[in-house]
Amino acid sequence: MALVMGRALFARPCSSSSLCFASKSMYKSSLGLRDTFWNSKIGRTRCFTRTVVHAQQRPTWLPGLDPPPYLDGTLAGDYGFDPLGLGEDPESLKWFVQAELVHARFAMLGVAGILFTDLLRVTGISKLPVWYEAGAVKYEFASTRTLLVVQLLLMGYAETRRYMDYVSPGSQAKEGSFFGMEAALEGLEPGYPGGPLFNPLGLAKDIKYAHDWKLKEIKNGRLAMVAMLGIFVQAAVTHAGPIDNLVEHLSNPWRKTIIQTLSNSSS
């Protein structure tokens, strides 16, 4: 627990012609804020000291746990969680930060896509397959092989450029590096290309001071990754989509729960 203490000596005139001296103590801890007064008498003069306690310790994933020294709170969403010590090496930590950011964004897109298409399917608006069977469906506008090749080319190019920007920050915004669209990227910092292409609403024009937006994104991304894990488990156990599971639960909330579902699947 972080504890910072300081002491200052001050003098001030009192009601009499003499001066009274008192010490003013200030310390910080996680106890809150409190004022305490002590009396010290010099003749008929009364002096007071004031103690101010401020909350200083940053939140961690486990309250009361001291985070490792290499997680100093400067990273977005840093709550000192690294039980395996994977981020001790600074270069590995930089790579893990970028990997988490990319996985979080894919998870947010995945959850949104699964829920939207599942809602269209359940309501009968569109005859779409359940999400875990969508890859086996043959589409009329292109063959499976064509779609695979196009995806490999597009995703491979995008991931290669992202890696190059990670190795040399800002290199992908140089003239002639992105088909004349470098101005649309701006190369703010690795993981945050910015520009009108990736930041059309201009929510974080200066990414160095956009800590709140980074924090919101990584929190929603972590929640989406947990949601994707839940959707995977639901599909494996119930062989149904998330909207189907939700409708079944709402039809009988006290008997259609995860406990009954798991117990029925194991029996």
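Predicted model, so just to flag it, every value in this text is computed and none were measured. Once a new chain begins, its residue numbering starts again from 1 and follows that chain's sequence as written. Restriction of local features to residues with pLDDT of at least 70 applies here, the model being predicted, together with a cutoff of 80 or more for giving and counting side-chain atom pairs; totals for whole chains, interfaces and linings are based on all residues. As a rule here, side-chain values come from all non-hydrogen atoms in the structure, and water together with hydrogens is ignored.

Enquirer: Outline the packing of aromatic side chains, listing residues and values.
Expert: The way to describe two aromatic rings as a pair is by their centre distance and the angle between their planes. Note on ring pairs: Phe, Tyr and Trp rings are taken, using the six-membered ring of Trp, and paired if centres are within 6.5 Å. Classes follow the plane angle, with under 30 degrees stacked, over 60 edge-to-face and the rest tilted. Going through the model one piece at a time under the given rule, you end up with six aromatic pairs. Ring centres 4.9 Å apart and planes at 90° place the aromatic pair Trp61 and Phe81 in the edge-to-face group. A residue pair is termed long-range when its members are at least 10 positions apart, and Trp61 in the loop between β5 (52–54) and α1 (90–123) and Phe81 in the loop between β5 and α1 qualify at 20 residues. We call a residue buried when its accessible area falls under 20% of the maximum for its residue type, exposed when it is over 50%, and partly exposed in between, using a 1.4 Å probe and counting protein chains only. For Phe81, a relative accessible area of 53% gives the class exposed. Summarising the aromatic geometry, the rings of Trp131 and Tyr132 are spaced 5.7 Å apart at their centres and angled 85° between planes, so their arrangement reads as edge-to-face. For Tyr132, a relative accessible area of 33% corresponds to the partly exposed category. Linked through ring pairs, Trp95, Tyr163 and Tyr166 together constitute an aromatic cluster. Lysine NZ or arginine CZ positioned within 6 Å of the ring centre and within 35 degrees of the ring normal marks a charge as sitting over the ring. Geometry around Tyr192 places Arg105 over its ring, the cationic atom sitting 5.3 Å from the centre. By definition, any uninterrupted DSSP run of H or I lasting at least four residues is a helix, any uninterrupted run of E lasting at least two residues is a strand, and each is numbered from the N terminus.

Enquirer: Talk me through the packing of α1 against helix α2 (residues 144–167); I want residue IDs and the actual numbers.
Expert: Lines fitted to C-alpha atoms define the axes here, with helix axes fitted over just the stretch in contact, and angles between the N-to-C directions of these axes take values from 0 to 180 degrees. It is at 12 Å that the axes of α1 and α2 come closest, and there the two elements cross at 145°. Viewed along their axes, α1 and α2 form a crossing whose handedness is right-handed. On α2, the residues touching Glu91, Lys94, Trp95, Gln98, Val102 and Phe106 of α1 are Met155, Arg162, Tyr163 and Tyr166. Classifying every residue of the contact of α1 with α2 gives six nonpolar, one polar and three charged. Crossings are classed by handedness, with left-handed meaning an anticlockwise turn of the near helix from the far one by less than a right angle and right-handed meaning a clockwise turn. By definition, residues are in contact when any of their heavy atoms lie within 4.5 Å. Polar here means any residue other than Ala, Val, Leu, Ile, Met, Phe, Trp, Tyr, Cys and Pro, which are nonpolar, and Asp, Glu, Lys and Arg, which are charged; Gly is therefore polar.

Enquirer: Now, about the packing of α1 against helix α4 (residues 211–238): what can you tell me, with residues and values included?
Expert: Two elements in contact, α1 and α4, have axes separated by 7 Å at closest approach and are oriented at 60°. One element, α1, and the other, α4, form an angle in the oblique class. Once α1 is placed against α4, the crossing between them reads as left-handed. Across the interface between the two elements, Glu100, Leu101, His103, Ala104, Arg105, Ala107, Met108, Gly110, Val111 and Ile114 from α1 touch Glu217, Ile218, Asn220, Gly221, Arg222, Ala224, Met225, Ala227, Met228 and Ile231 from α4. Here the word oblique covers every angle except those under 35 degrees (roughly parallel), over 145 (roughly antiparallel) and from 65 to 115 (roughly perpendicular).

Enquirer: I'd like a rundown of a nonpolar patch on the surface, residues and numbers included.
Expert: On the surface, Leu84, Leu86, Trp95, Phe96, Tyr163 and Val167 cluster together into a nonpolar patch covering about 650 Å² of accessible area. Listed by contribution, the elements that provide at least two residues to the nonpolar patch are α1 and α2. By the secondary structure assignment, Leu86 is in the loop between β5 and α1. Note on patches: the residues involved have over 30% relative accessible area and no salt bridge, like charges join within 9 Å, and the nonpolar side chains Val, Leu, Ile, Met, Phe, Trp and Tyr join within 5 Å. With residues, only the protein chains shown are counted as cover, and all accessible areas are computed by Shrake-Rupley using a 1.4 Å probe. What makes a salt bridge here is a side-chain nitrogen of Lys or Arg within 4 Å of a carboxyl oxygen of Asp or Glu, nothing more.

Enquirer: Quick rundown of the pattern of salt bridges? Include the residues and the values.
Expert: A complete count under the given rule lists seven salt bridges for this structure. Residue Glu217 is joined to Arg105 by a salt bridge in which the shortest nitrogen-to-oxygen separation is 2.8 Å. Remark: Arg105 occurs in helix α1 and Glu217 occurs in helix α4; sequence separation between them is 112 residues. A salt bridge links Arg121 to Asp118, with the nearest nitrogen and oxygen atoms 2.6 Å apart. Linking Arg121 with Asp118, this pair stays in helix α1, spanning three residues, or about one helical turn.

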